[in-house]
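Observations on the three-dimensional arrangement
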Amino acid sequence: MASILAREINKRVPLIPYTPLLICFGFTIGSLKWWGNLNDGADNVSLINPHGILTILLPVLIFESSYNAKL
């Protein structure tokens, strides 16, 4: 849902590229304390190996950014 919202905002106001906008949405949603049970999930996610996150997500982010680049 957040990615759809970020894509629509990016289409109307293309000041920030889509990928950094999506990261900002993630930080915003992650920082909200009133989400209840989602905070427990966030605590569990903090136990994930950071190298695993980079290995999985970084190639996807680079590909998505290059695929959507306007030449």
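The structure contained in this document is the topic of the report that follows.

Conventions we followed
- Residues numbered from 1 in each chain as written.
- Predicted model: local features only at pLDDT ≥ 70, side-chain atom pairs only at ≥ 80, totals over all residues.
- Heavy atoms only, no water.
- Helix = DSSP H or I, 4+ residues; strand = E, 2+ residues; numbered from the N terminus.
- Buried < 20%, exposed > 50% of the residue type's maximum accessible area, 1.4 Å probe, protein only.
- Phe/Tyr/Trp six-rings, centres within 6.5 Å; stacked < 30°, edge-to-face > 60°.
- Patch = residues over 30% accessible without salt bridge, like charges linked within 9 Å, V, L, I, M, F, W, Y side chains within 5 Å.
- Areas by Shrake-Rupley, 256 points an atom, 1.4 Å probe, with all protein chains shown as cover.
- Salt bridge = Lys/Arg side-chain N within 4 Å of Asp/Glu carboxyl O.

Topic: the overall build of the protein
Each helix and strand in the protein was counted, giving four helices and zero strands. The secondary structure elements of the protein, listed N-terminal to C-terminal, are α-α-α-α. Scored against the burial criterion, the 71 residues of the protein give a buried share of 10%.

Regarding the packing of aromatic side chains
Counting across every chain of the model gives one aromatic pair. Considering the side-chain rings of Phe63 and Tyr67, the 5.6 Å spacing of their centres and the 25° angle between planes classify their relative orientation as stacked. Highlighted residues: Phe63 and Tyr67, both in helix α4 (residues 50-67), separated by four residues, approximately one helical turn. For Phe63, a relative accessible area of 54% translates into the label exposed.

Comments concerning a nonpolar patch on the surface
Side chains of Ile23, Phe27, Ile48, Ile53, Ile56, Leu57 and Leu61 sit close together on the surface and give an oily, nonpolar patch of about 660 Å² of accessible area. Every element with two or more residues in the nonpolar patch is listed here: α2 (18-31) and α4. With four residues, the single largest contributor to the nonpolar patch is α4. Relative to the assigned elements, Ile48 resides in the loop between α3 (38-45) and α4. Look at Ile48 and you get partly exposed, because its relative accessible area is 44%.

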